[in-house]
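Understanding the architecture of this molecule
Residue strings, one per chain:
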Amino acid sequence: MSPAGTTVLGAVFNLNHPAHVVHWHFISLSLSNVIVMALMLVVFALAIVLPFPGAARRRRGGVS
């Protein structure tokens, strides 16, 4: 990446502050990691609950 590109990214994201950290007894995670893990759990739950596309058609004996 060019120096100009890094300057633009540096202007968009302010990294001159301490990270937000979530503490649970013996584990310490950044807030961004907690959000990503929560979103992964939501997607996993939706993948289990929602039916596959075309599942009803296959159950009726239609062409796949």
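I will try to describe carefully the structure that is included in this document. Keep in mind that what you see is a predicted model, and the values were worked out from it rather than measured.

Let us now look at the overall build of the chain. Helix and strand content of the chain: 3 helices and 2 strands. Out of the 64 residues in the chain, the part that is buried amounts to 5%. With the model as given, the accessible surface of the chain reaches about 6,100 Å², and the carbon-plus-sulfur share is 72%.

Let's shift gears to the pairing of strand 1 (residues 21–24). Across 4 bridges, strand 1 lies against strand 2 (residues 27–30) in antiparallel orientation. The residue bridging tryptophan 24 from the neighbouring strand is isoleucine 27, located in strand 2.

The rules behind these values
- Residues numbered from 1 in each chain as written.
- Predicted model: local features only at pLDDT ≥ 70, side-chain atom pairs only at ≥ 80, totals over all residues.
- Heavy atoms only, no water.
- Helix = DSSP H or I, 4+ residues; strand = E, 2+ residues; numbered from the N terminus.
- Buried < 20%, exposed > 50% of the residue type's maximum accessible area, 1.4 Å probe, protein only.
- Areas by Shrake-Rupley, 256 points an atom, 1.4 Å probe, with all protein chains shown as cover.
- Pairing = 2+ DSSP bridges.

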